[in-house]
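Here is what each chain is made of, one letter per residue.
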Amino acid sequence: MIEGIQIENPILIFSQEEILIRVSELRKRIAEDYCERKPLFIGVLKGAFVFLADLVRKFDFPLEIDFIRVSSYMGGMESKGIELIMDTSIPVEGRHVIVVDGIVDTGATLRFIVGRLKLKNPASLGVCALIDKKEKRGIEVKLDYVGFEIENGFLIGYGLDLNERGRELNGIYLIK
Ligand code: IMP
Ligand code: MG
């Protein structure tokens, strides 16, 4: 059991130290690619909020940050459909957009978001995902920057939740 949440036998798979090292590697690559493009980062709520904060914290070039929120009708660990809950507020047209997502599973959520954003004519659209969970990917989505790859399993921590629990954990844990 993790402190405060009753989830049996969580296994630490990425420690805070590992995550921060990986995030700074992604940050360097993104800085090289975008430092002269005034990128617009669009975080996918809620799961990406910790990742996005750590990612952008040390950038030293102009950028803007926005958020989008979709519901995936998560019944526990299963995703059943997608609905827009909160749209972005900064105009996307002509901007170099980077969508920042916490975890990509089937790809349905990201396809929905990328599809919506493309209709608004960004100058470019990149995707950065902390976790690429590969096993159930039925929908091809291009991930330009990936923190970690896993085959399967349900992860919590570092912003990721199971029924709103576990987002505050420093590391990323695998649960059954
Ligand atoms: P997809 O639409 O199947 O790619 O699912 C993506 C969404 O499902 C993510 O944005 C999360 O909200 C949720 N999700 C999928 N797998 C996990 C997981 O292992 N931990 C926490 N949330 C997950
Ligand atoms: Mg969730």
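What this report covers is the structure whose coordinates are included nearby.

It is worth spelling out the sheet that holds strand β3 (residues 64–71) at this point. Reading across from one edge, β4-β3-β2-β5-β6-β7 is the order of the six strands in this open sheet, with mixed pairing throughout. Since the sheet does not close on itself, it has two edges, and those belong to β4 (83–86) and β7 (145–150), each with one partner. The mean inter-strand angle of the sheet, taken between neighbouring strand axes irrespective of direction, is 25°. The pairing of strand β5 (residues 96–104) with strand β6 (residues 124–133) spans eight bridges and is classified as parallel. Counterpart to V100 in the pairing with β6 is C128. Of the strands in this sheet, β2 (40–45), β5, β6 and β7 touch helix α1 (residues 16–34), which is tilted by about 145° from β7. Strands β2, β3, β5 and β6 of the sheet are contacted by helix α2 (residues 49–56), whose axis makes an angle of about 155° with β2.

Counting across every chain of the model gives three aromatic pairs. Ring centres of F41 and F59 lie 5.6 Å apart, and the angle between their planes is 20°; on these two criteria the pair is classed as stacked. On the criterion of sequence distance, the pair formed by F41 in strand β2 and F59 in the loop between α2 and β3 is long-range, its members being 18 residues apart. Relative accessible area serves as the criterion here: at 0%, F41 is assigned to the buried category. Judged by its relative accessible area of 12%, F59 falls in the buried class. An aromatic cluster is defined as three or more aromatic residues linked by ring pairs; in this entry it consists of F41, F59 and F61. Cation over ring: R37 sits above Y34, and NZ or CZ is 4.4 Å from the ring centre.

We now examine the pattern of salt bridges. Scanning the model with the defined rule gives 14 salt bridges in all. Measuring nitrogen to oxygen at the nearest pair gives 3.3 Å for the salt bridge that ties K120 to D87. Of this pair, K120 sits in the loop between α3 (108–118) and β6 while D87 sits in the loop between β4 and β5, and the two are 33 residues apart along the sequence. A salt bridge links D161 to R167; its shortest N-O distance comes to 3.4 Å.

For R95, the location among the structural elements is in the loop between β4 and β5. Residue classification places R95 among the buried positions, given a relative accessible area of 15%. A distance of 2.8 Å separates a polar atom in the side chain of R95 from a polar atom in the side chain of E64. Setting aside residues up to four positions removed in sequence, R95 forms contacts with K38, P39, L40, E64, I90, P122, A123 and S124.

Scoring rules and cut-offs
- Residues numbered from 1 in each chain as written.
- Chains lettered and ligands numbered in written order.
- Predicted model: local features only at pLDDT ≥ 70, side-chain atom pairs only at ≥ 80, totals over all residues.
- Heavy atoms only, no water.
- Pairing = 2+ DSSP bridges.
- Helix = DSSP H or I, 4+ residues; strand = E, 2+ residues; numbered from the N terminus.
- Axes fitted to C-alpha atoms, helices over the stretch in contact; angles between N-to-C directions.
- Contact = heavy atoms within 4.5 Å.
- Phe/Tyr/Trp six-rings, centres within 6.5 Å; stacked < 30°, edge-to-face > 60°.
- Buried < 20%, exposed > 50% of the residue type's maximum accessible area, 1.4 Å probe, protein only.
- Lys NZ or Arg CZ within 6 Å of the ring centre and 35° of its normal.
- Salt bridge = Lys/Arg side-chain N within 4 Å of Asp/Glu carboxyl O.
- Polar contact = N/O pair within 3.5 Å; in protein donor to acceptor, adjacent residues only side chain to side chain.

No statement about biological role is implied by the geometric values presented.
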